[in-house]
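Architecture and fold: a report
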Amino acid sequence: MQDFFREQAIGKPKRDRTRAMLLDGIVAVCARRGLDSATVQEVTRHSGLAQGTFYNHFVDREALIVEAAKAILVGVHLKIGQRVRGMPAGIHRMVVAIDSTISEAVVLPDHGKLLSETIGRYPAITDEVRPALRADMRAGRRSGQMHVRASRLLDEQIGALIGLAIRLRLSGNTKGAINRSTC
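Summary of the structure given here. All values reported here derive from a predicted model rather than from experimental measurement. (Residues numbered from 1 in each chain as written. Predicted model: local features only at pLDDT ≥ 70, side-chain atom pairs only at ≥ 80, totals over all residues. Heavy atoms only, no water.)

1. As for the overall build of the chain
- Per the secondary structure count, the chain includes 10 helices and 0 strands.
- When the helices and strands of the chain are placed in sequence order, the string is α-α-α-α-α-α-α-α-α-α.
- Along the first, second and third principal axes, the C-alpha atoms of the chain reach 55 × 35 × 25 Å.
- Considering the chain as a whole, with its 183 residues, one finds that 43% of them fall into the buried category.
- Taking all contacts inside the chain whose residues are at least 6 apart in sequence as the whole, residues at least 24 apart take part in 62%. (Helix = DSSP H or I, 4+ residues; strand = E, 2+ residues; numbered from the N terminus. Buried < 20%, exposed > 50% of the residue type's maximum accessible area, 1.4 Å probe, protein only. Contact = heavy atoms within 4.5 Å.)

2. Topic: the environment of Asp60
- Checked against the element boundaries, Asp60 lands in the loop between helix H4 (51-57) and helix H5 (61-84).
- Accessibility expressed as a relative area gives 32% for Asp60, which makes it partly exposed.
- It is 8.0 Å that separates the C-alpha atoms of Asp60 and Val40, two residues lying 20 residues apart in sequence.
- For Asp60, the side chain forms a polar contact with the main-chain nitrogen of Glu62, separated by 3.3 Å. (Polar contact = N/O pair within 3.5 Å; in protein donor to acceptor, adjacent residues only side chain to side chain.)

3. Examining the packing of aromatic side chains
- Counted by the stated rule, this structure contains 3 aromatic pairs.
- Their ring planes at 90° and their centres at 5.1 Å tell us that Phe4 and Phe5 sit as a pair that is edge-to-face.
- Its relative accessible area of 21% is what places Phe4 among the partly exposed residues.
- A centroid spacing of 5.8 Å and a plane angle of 35° characterise the contact between Phe54 and Phe58, whose relative ring orientation is tilted. Summarising the burial analysis for this pair, Phe54 and Phe58 share the class buried.
- Taken together, the aromatic side chains of Phe54, Tyr55 and Phe58 make up a single cluster linked through ring pairs.
- Sitting above the plane of the Phe58 ring, Arg19 keeps its charged end 4.3 Å from the centroid. (Phe/Tyr/Trp six-rings, centres within 6.5 Å; stacked < 30°, edge-to-face > 60°. Lys NZ or Arg CZ within 6 Å of the ring centre and 35° of its normal.)

4. So, the side chain of Ser100
- Within the fold, Ser100 resides in helix H6 (residues 91-107).
- A polar side-chain atom of Ser100 sits 2.7 Å from the main-chain carbonyl oxygen of Val96.

5. Describing the nonpolar core
- Within the largest apolar cluster, 42 residues are counted, with the highest numbers of intra-cluster contacts made by Ile26, Leu64, Leu114, Leu115 and Ile158.
- Setting aside anything within four residues of it in sequence, one finds Ile158 in contact with Met94, Ile98, Leu133 and Met137.
- Of all hydrophobic cores here, the second largest spans 5 residues; its members include Val76, Ile80, Val96 and Ala97. (Core = buried A, V, L, I, M, F, W, Y, C linked by side-chain atoms within 4.5 Å.)

6. Some words on the packing of helix H2 (residues 14-33) against helix H7 (residues 109-118)
- Across the interface, H2 lies against H7 with an axial gap of 9 Å and an inter-helix angle of 80°. On the basis of their axis angle, the class for H2 and H7 is roughly perpendicular. Here Val27, Cys30 and Ala31 of H2 come into contact with H7, specifically with Asp110, His111, Lys113, Leu114 and Glu117.
- Residue composition of the contact of H2 with H7, by class: 4 nonpolar, 1 polar and 3 charged. (Axes fitted to C-alpha atoms, helices over the stretch in contact; angles between N-to-C directions. Parallel < 35°, antiparallel > 145°, perpendicular 65-115°, else oblique. Nonpolar A, V, L, I, M, F, W, Y, C, P; charged D, E, K, R; others polar.)

7. Focus: helix H9 (residues 152-171)
- Over its 20 residues, H9 extends 29 Å from the first C-alpha to the last, a length consistent with the 28 Å expected when each residue adds 1.5 Å.
- Buried within H9 are the following residues: Leu154, Asp155, Glu156, Ile158, Gly159, Ile162, Gly163, Ala165, Ile166 and Arg169.
- Gly172, located one to two residues past H9, shows a positive phi value of around 85°. (Expected span 1.5 Å × (residues − 1).)

Structure, rendered in structure tokens:
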């Protein structure tokens, strides 16, 4: 969906609408060219904005990338929250969350591509979902279903595995089985 963030910004102040245009721009450019090839110039051209406008909203390209990926992940996290509502913390809820993250990322392939290239690469992206992941890991340990302690390293390993699973699903070479293997 090319205007995902713009649609969310309808009726909001101009500053929010402009930021939304840049967020949609980075998603589109990354989907087309890849994360490392996306430039500020290309994002602003795609968004129909002047390059100077970009710097009124973001310090650099990485700040835009992180904000876009965080916004996508927060949206996915909200959907997961609905799916796990009422489910006790623990390994089962963690599996549902991981499976849902991979599945949701494939629903909007451009968003999935950005997530797959940024999760694990920019740790700040997962900061907002980390508390839920950690709570599930602690509950899994208490119940005896998990035997590892929550740690930043484990968080990043899980993120990297989810990113890889999303890339594999988006490649079209796998089906839902990759979700089960990842979980």
